[in-house]
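For reference, the chains in residue letters:
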Amino acid sequence: FSLMTGAKRVAIEQALILAAGRGVRMGHRGHSIPKGFIEVGGQTLIARSLALLARSGVRDVTIVTGHLADRYEELPPADGVAVATLHNPQFAEKGSFESLRVGLAAMRGPFLLLESDIIYEPRALETVLASDHESVILTSGPTGAGDEVYVWADEAKGTHRFRGMSKKRASHADEPFGELVGISKISAELARQLTAHAGEALPSADYESAVVRAAGDNPIACLRVDDLLW
């Protein structure tokens, strides 16, 4: 297979943030704020992510909303980046794959795919954007966080190709390559394959399962930053 190493790097100027989730694990706080509005150091996760994206050269960001959508729709302008929202009306009945499907309609060419409820150091974006691979999944070393999504990959010619991911460590016999961070680079072709697989998804399917399906048609490189802060 080829992961397009050595290919001319394409500048990524758009990002898709999945933010429709209900924040069930937040308990009562999830009734009043979306996950992306959790504050750390006086700044919301979504505001921090938008600032980091702008600093990395991303100029257009689409946020797929659902739960408490008005909070995202009322976001103040962010310096250096244009922000638009798309609403997923089925956020309560379907998994995050539906949010991905809604967002894909607004993407033109390659883009970054992010989760709304992550906090990460700038090196996360820098690592993904610096890669010559057309599609990339970023992973970290072990975190012990308790809600890990494990990623498996096969090594060939110095590159690790994505094979699968799951929240269940025992779903694969071998050791995982890393843990999913929630930041990926999606090529235009991979986006087309994700759209094509949308009709096959179960109502409860999450976006990770969509990536697993589409990876059979498109090679995805796995990158790992062992000491990543996130």
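Residues numbered from 1 in each chain as written. Predicted model: local features only at pLDDT ≥ 70, side-chain atom pairs only at ≥ 80, totals over all residues. Heavy atoms only, no water.

Remarks on the overall build of the protein chain
Selection rule: Secondary structure follows DSSP: runs of H or I at least 4 residues long count as helices, runs of E at least 2 residues long count as strands, and numbering of each begins at the N terminus. For the radius of gyration, the atoms used are the C-alpha atoms, and the globule rule reads 2.2 Å times the number of residues raised to 0.38. Each residue gets one of three labels from its accessible area relative to the maximum for its type: buried under 20%, exposed over 50%, partly exposed in between, using a 1.4 Å probe on protein chains only. Contact definition: two residues touch when any of their heavy atoms are within 4.5 Å. A 1.4 Å probe and the Shrake-Rupley method give the accessible areas. Residues count as covered only by the protein chains that appear here. The charged-residue count follows a simple rule in which Lys and Arg add positive charge and Asp and Glu add negative charge, with His and chain termini not counted at all. By convention, the charge on Lys lies at NZ, on Arg at CZ, on Asp at CG and on Glu at CD.
Secondary structure assignment for the protein chain yields six helices and eleven strands. Taken over the C-alpha trace, the protein chain has a radius of gyration of 17 Å; the compact-globule value for 230 residues is 17 Å, and the two agree within 12%. If you line up the protein chain on its principal axes, its C-alpha atoms span 50 × 35 × 35 Å. Counting every position in the protein chain, which comprises 230 residues, the buried fraction comes to 48%. Partitioning the contacts of the protein chain with sequence separation of at least 6, the portion at a separation of at least 24 is 74%. Of the accessible surface of the protein chain, which amounts to about 11100 Å², a share of 51% is contributed by carbon and sulfur atoms. Across the protein chain, the mean location of the 24 positive side-chain charges is 2 Å away from that of the 29 negative side-chain charges.

Details of the environment of Ser 49
The topology assignment puts Ser 49 in helix H1 (residues 45-55). The spacing of Ser 49 and Glu 39 is ten residues in sequence and 12 Å in space, taken between C-alpha atoms.

Here's the deal with the pairing of strand E10 (residues 178-186)
Note on strand geometry: in a regular strand, side chains alternate between the two faces of the sheet. Let me state the cut-off plainly: Strands qualify as paired when DSSP identifies two bridges or more between them.
Taking burial as the measure, the nine residues of E10 include nine buried ones, the bulk of the element. In this structure, strand E8 (residues 150-156) lies alongside E10, joined through two bridges in antiparallel fashion. Looking at the pairing, Val 151 lines up with Gly 178 of E10.

A closer look at helix H4 (residues 122-130)
Formally: Regarding the arc, it is the one traced by the directions from the helix axis to the C-beta atoms.
Listed as buried for H4 are Ala 124, Leu 125, Val 128 and Leu 129. Along the axis of H4, the buried residues cluster in a sector spanning 115°; they form a single face. Looking at the buried side of H4, the elements it contacts are H1, strand E6 (111-115), strand E7 (136-140), E10 and strand E11 (221-225).

Focus on the pattern of salt bridges
Formally: Only one rule defines a salt bridge in this text: a Lys or Arg side-chain nitrogen within 4 Å of an Asp or Glu carboxyl oxygen.
One pass over the full model with this rule turns up ten salt bridges. Close ionic contact of Asp 227 with Arg 123 constitutes a salt bridge, the shortest N to O distance being 3.1 Å. On the criterion of sequence distance, the pair formed by Asp 227 in the segment after E11 and Arg 123 in helix H4 is long-range, its members being 104 residues apart. Here Arg 169 ties to Glu 175 by a salt bridge, and the two come within 2.8 Å at their closest N and O atoms. Residues participating in the shared-partner salt-bridge network are Lys 94, Glu 98 and Arg 101.

What about the nonpolar core?
Note the threshold: The definition of a nonpolar core used throughout is a set of buried Ala, Val, Leu, Ile, Met, Phe, Trp, Tyr and Cys residues joined through side-chain atoms within 4.5 Å.
Of all hydrophobic cores here, the largest spans 32 residues; its most connected members are Leu 53, Val 61, Leu 112, Leu 114, Tyr 120, Leu 138 and Ile 183. Mapped onto this core, the elements with two or more residues apiece are strand E1 (14-19), H1, strand E4 (60-65), E6, H4, E7, E10 and E11. Element by element, the count of residues in this core is highest for H1, at five residues. Apart from residues lying up to four places away in sequence, Leu 53 is in contact with Ala 15, Ile 17, Val 58, Val 61, Leu 112, Leu 114, Tyr 120 and Leu 125. Within the second largest apolar cluster, 31 residues are counted, among which are Leu 16, Ala 153, Ile 186 and Leu 190.

Brief notes about the pairing of E4
The buried fraction of E4 is high, at five of six residues. Pairing of E4 with strand E5 (residues 82-87) involves six bridges; the strand directions are parallel. When the sheet's bridge partners are listed, Thr 65 is paired in E5 with His 87.

Considering the packing of helix H5 (residues 188-196) against helix H6 (residues 207-214)
Helix-helix packing is described using two parameters, namely the angle between the two axes and the distance between the axes. Definition in use: Here, axes are lines fitted to C-alpha atoms. For helices the fit covers the stretch in contact, and angles between N-to-C directions go from 0 to 180 degrees. Under this scheme an angle from 65 to 115 degrees is roughly perpendicular, one under 35 degrees roughly parallel, and one over 145 degrees roughly antiparallel; angles in between are oblique. With the far helix as reference, a near helix turned anticlockwise by less than a right angle produces a left-handed crossing, and one turned clockwise produces a right-handed crossing.
Taken N-terminus to C-terminus, the directions of H5 and H6 make an angle of 110°; their axes are 9 Å apart at the nearest point. Between H5 and H6, the crossing angle belongs to the class labelled roughly perpendicular. Helix-helix and strand crossings are classified by hand; for H5 and H6 the assignment is right-handed. Side by side, H5 and H6 meet where Leu 190, Gln 193 and Leu 194 of the first sit next to Ala 210, Val 211 and Ala 214 of the second.

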